[in-house]
Amino acid sequence: MKTIYLVALSAVFAVSFLMFVLFDLQSQQRQTEAAMLEEARTFAREMDAVWQFMDNSQHVINTTSDGVYEFKGLHCSRVGKSVGALFSKGSDYTIRYTNFNPRNPQDEPDAFEAQALERFAAYDAKEHYAVTDFQGVDRFRYAQVLEVDKSCLECHGEPAGELDITGKAKEGWTLDSIGGAISIVIPLDQQQQAARDNVLRDVAYFLFITLVIGAVVYAVTTFFVFRPLERMKLAFAEMGEGRLTVSLDDAHAAREISRLIKRFNSMAAELHAIYDHLEEQVESRTDELRGANAALERQRDALERLNGKLEKETRFKSDLLSMVNHELRTPLTSIITFAQISRESCPPDRASERHSWEEIEKNSQILLAMINDMLDIARSDAGSIKAACEPMDLGDIVSAVRNTMTPLARKYQVAFRTQVASDVPLVNGDFEKTQRMLENLASNAIKFTPDGGVVELRVDVDEADGGVRLRMVDDGIGIAPEDHERIYERFFQVDSTSTRKYNGSGLGLALVREYAAIQGFAVSVESALGRGSTFTITVPPDAVIG
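It should be emphasised that the depicted structure is a prediction, and the values quoted were computed from it without experimental measurement. In this numbering scheme, every chain counts its residues from 1 along its sequence in written order. Given that this is a predicted model, residues contribute local features only at a pLDDT of at least 70 and side-chain atom pairs are listed and counted only at 80 or more, while totals for whole chains, interfaces and linings are drawn from all residues. Side-chain metrics in this entry use all non-hydrogen atoms of the structure; hydrogen atoms and water are not considered.

1. Some points on the pairing of strand S11 (residues 533-539)
Of all 7 residues that make up S11, 6 are buried, and the element is covered over most of its length. In short, DSSP must find at least two bridges between two strands for them to pair. The helix count covers DSSP runs of H or I at least four residues long, the strand count covers runs of E at least two residues long, and both are numbered beginning at the N terminus. As defined by bridge partners, strand S9 (residues 468-474) adjoins S11 across 7 bridges and the pair is classed as antiparallel. Within the sheet, the bridge partner assigned to aspartate 474 lies in S11 and is serine 533. Across 6 bridges, strand S10 (residues 522-527) lies against S11 in antiparallel orientation. Each residue gets one of three labels from its accessible area relative to the maximum for its type: buried under 20%, exposed over 50%, partly exposed in between, using a 1.4 Å probe on protein chains only.

2. Let's talk about the environment of alanine 116
For alanine 116, the position within the fold is in helix H4 (residues 111-123). Alanine 116 sits in the buried class, given a relative accessible area of 0%. For the pair alanine 116 and lysine 126, spaced 10 residues apart in sequence, the C-alpha to C-alpha distance is 9.3 Å. Apart from the residues lying within four places of it in its own chain, the contact partners of alanine 116 are His128 and Ala143. Pairs of residues are marked as contacts when any of their non-hydrogen atoms sit within 4.5 Å.

3. What to know about the packing of aromatic side chains
Centre distance within 6.5 Å is the pairing criterion for rings of Phe, Tyr and Trp, where only the six-membered ring of Trp is used; planes under 30 degrees apart are then read as stacked, over 60 as edge-to-face, and the remainder as tilted. Counted by the stated rule, this structure contains 6 aromatic pairs. Their ring planes at 25° and their centres at 5.9 Å tell us that phenylalanine 13 and phenylalanine 17 sit as a pair that is stacked. Within this pair, phenylalanine 13 and its partner phenylalanine 17 are both found in helix H1 (residues 2-56), separated by 4 residues, close to a single helical turn. Taking the relative accessible area as the measure of exposure, phenylalanine 17 reaches 26% and is therefore partly exposed. Both rings, one in phenylalanine 13 and one in phenylalanine 206, keep their centres 6.5 Å apart while their planes meet at 15°; by these two values the pair is stacked. Of this pair, phenylalanine 13 sits in helix H1 while phenylalanine 206 is found in helix H6 (residues 189-240), placing the two residues 193 residues apart along the sequence.

4. Some points on unusual backbone geometry
Of note, the amide linkage connecting glutamate 158 to proline 159 takes the cis form, showing an omega dihedral of 0°. Here proline 159 shows up in the loop between helix H5 (150-156) and strand S4 (178-187). In this structure, asparagine 101 is a non-glycine residue whose phi angle is positive, near 55°. Following the sequence through the fold, asparagine 101 ends up in the loop between strand S1 (94-98) and H4. With a relative accessible area of 71%, asparagine 101 lands in the exposed category. Look at aspartate 124: it is not a glycine, yet its phi comes out positive at around 60°. As for its placement among the helices and strands, aspartate 124 is situated in the loop between H4 and strand S2 (127-134).

5. Describing helix H3 (residues 76-88)
Expected helix span is taken as 1.5 Å per residue step, with the number of steps being one fewer than the number of residues. In this model, H3 (13 residues) spans 18 Å end to end at C-alpha, consistent with the 18 Å of a helix rising 1.5 Å per residue. For H3, the complete set of buried residues consists of Cys76, Ser77, Val79, Gly80, Gly84 and Ser88. Positioned one or two residues after H3, glycine 90 has a phi angle of 80°, which is positive.

6. Regarding the packing of helix H10 (residues 394-411) against helix H11 (residues 431-447)
Only the contacting stretch of a helix is used when fitting its axis, a line to C-alpha atoms as for every element, and angles between N-to-C directions run 0 to 180 degrees. Running from N to C, H10 and H11 point in directions that differ by 30°, and their axes come no closer than 9 Å. Remark: the crossing between H10 and H11 carries right-handed chirality. For the pair formed by H10 and H11, the contact residues are Asp396, Ile397, Ala400, Val401, Thr404, Met405, Leu408 and Ala409 on the first element and Phe431, Thr434, Gln435, Leu438, Glu439, Ala442, Ser443 and Ile446 on the second. Split into classes, the residues belonging to the contact of H10 with H11 amount to 10 nonpolar, 4 polar and 2 charged. Left-handed is the label given to a crossing in which the near helix is rotated counterclockwise from the far helix by less than a right angle, and right-handed is the label when the rotation is clockwise. Three categories are distinguished: nonpolar for Ala, Val, Leu, Ile, Met, Phe, Trp, Tyr, Cys and Pro, charged for Asp, Glu, Lys and Arg, and polar for the others, with Gly belonging to the last.

7. Considering H4
Helix length check: H4, at 13 residues, gives a terminal C-alpha distance of 18 Å against a target of 18 Å (1.5 Å per residue), a fit within 8%. Packed against the buried residues of H4 are S1, S2, strand S3 (137-147) and S4. Any pair of N or O atoms that falls within 3.5 Å is considered a polar contact. Within protein, one atom must be able to donate a hydrogen and the other to accept it, and sequence-neighbouring residues count only if both atoms are side-chain atoms. Near the N-terminus of H4, the side chain that reaches the backbone nitrogen of phenylalanine 112, with its oxygen 3.3 Å away, is that of aspartate 110. Positive backbone phi, at 60°, marks aspartate 124, one or two positions downstream of H4.

8. A closer look at the sheet that holds S9
With respect to topology, 5 strands assemble into an open sheet ordered S6-S8-S9-S11-S10, the strand pairing being mixed. In this open sheet, the two edge strands, each paired with only one partner strand, are strand S6 (415-420) and S10. The sheet shows a mean angle of 15° between the axes of neighbouring strands, direction not considered. Alignment of S6 against strand S8 (residues 454-461), held across 6 bridges, turns out to be parallel. Residue pairing in the sheet places glutamine 419 in a bridge with arginine 458 of S8.

9. Focus: the confidence of the model for the protein chain
Low pLDDT means the predicted coordinates in that region are not meant to be read closely. Here the protein chain shows a mean pLDDT of 81. Residues at 70 or above account for 87%. For every residue, the predictor reports its confidence as pLDDT, a number between 0 and 100. Every residue in residues 496-502 scores below 50 in pLDDT, and together they form 9 contacts with partners more than four places removed in sequence or on other chains.

Okay, structure coming up:
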C-alpha cells in the first residue's frame, strides 16, 4: 500500500509540476510581451510628442524677432528622425520613421514595416507588433501609424508635384492619407532573462511547497495509517502461528483504522473462545463420525447383499426370458412354415381359406418379430449382444426387407416402396442387425401410416461427407418434437392406446438405436404431428468400402 501511495503521489506531483511549468511559461511570455508592448507605446508617444512640439513651435522657430518669416530648415520630420537617431545611438534600440516612397532612401520600409503600412492602409489599424527577425536577431518590433493633420499638408499636401518650402515635391496627401509609421525595435535579452528568472523562481517555490506538503501528508499517513496497519500485519502473522491471545492498541490511529483494530480484537477474542472448546467439539464430532461410519458400513453390507440378490434375480429373469423365447420360437417357426405350405397348396377357388392361412402367417411373423426383439433385449441386458463387421450389400438388405414388409403393408393397405441409388457402395457392418433395424423402422412406419399412405425406404450417398444414408420416409401420424428422444426408450408408446391399436411392444426403436450404436452408425428422426416422419440411419465414411 505504501508503494501504491508513493507512486500515486509521485504521479500527481509530476502532472501538477508539468502543468504549472507550462502555465508559468505562458504567463511569463504574455507578461513579457505586454511589458515590451507598453514600452514601445511609451516610445511612440514620446516621439509623437516631439513631433507635435516641433509642429507647434514652427512659427517661433521660423520667425525673427522683427516678425519676419525666415525658414530655418528645422521641420518636424527632420527633428523627429534626429531625436530617434540620437536615442538609438549606442544601444540595441532603433527608432525611425518610414513610409512607402519616402523622400529619403534611408527611410525605405523593410518587410515588417511594409506589412504594417499595408495593414494601416487596408484595415484602418493603428499599430502592428510581433517578435521577428531584425538584422539576424529576434527582436520585438512595433509600428504605429502617423496620421496626417493640417500642418502636414503644407509640405506634403496638394497639388502633387508642387515644390514645398524645403524644395521637395509634394506627395498630394489629404487628411485621409497615411503619413507613414513610427518603427521601434526593442531587444529581447533583458525581458527574456527576467522571464527566465521568474520561471525559475516560481518553479523553485512550487517544488518547495510541494515537497513540504508531500512530506507532511506522508508523515501523517505513516503515523496514523501505515504504522497501525503494520501492527495489524504482525498480529495476523502471530494468529497464523496459533497465538490467538494477541490484542492491538488503537492509539494514534485514524478513526477508520481504529474501528478496524477493534473489530480485529473482537475477532481474535471470538477465535480464542472457539479454540478453547474446539478439542471437546472435535472429540464429540469424532464420536459422531465413528457412529455414522459404522451405520454406513452396515448399510453398505446390506446394499451388497441386496445387489447380489438383484443380480441373481436379473440373471434368472434373463435366463427365463431367453428360455421362454427359445421355446416359443420353435413352435412359431413351425406354425409359419405350415401356414406357408398350406397357403401355397390351397386351390385358387378357395380364396377364403387362403386368406385365413395368410392371416395366420402374418400374425405369426409379427409375434416372431416381437419374440426376437425381446430376446435381443435380454441379450443386451446380459451384455452378450455383439455385431459382426463384414462387407454387406445394402441392395440385398433392402430387397430382403421389401420381401418381408410387403405382406404387412398390404395388410394395412399402405404402399411400401424402396429406392437404392446406383452409386451406393458396399459398407462394413452386421447384415442381420442392419436388416432388423430397417424391418423395425418399416414395421413402425407401416403401422402408424393411415390407409392409402406411402412408406418409402431410400438409400443414397451423402455428398457432404461420403457416408451412406438409409432413410425410412412415411406420411403417417407423425411424432411431436418433445417425444423425439423418448421414442427410443424401451416399452415407450407416444399414445397409451397405441399398443392395443397398432400391435406394438415398444421395443423396436430401442433395438434400432442399440443395433446402430454397436455398429458405429447413427440414428436420427425428423417429424412433426400430422406431417409424417423420416428416420435416418447414417453409415459413417470410415465404414464405406472403396
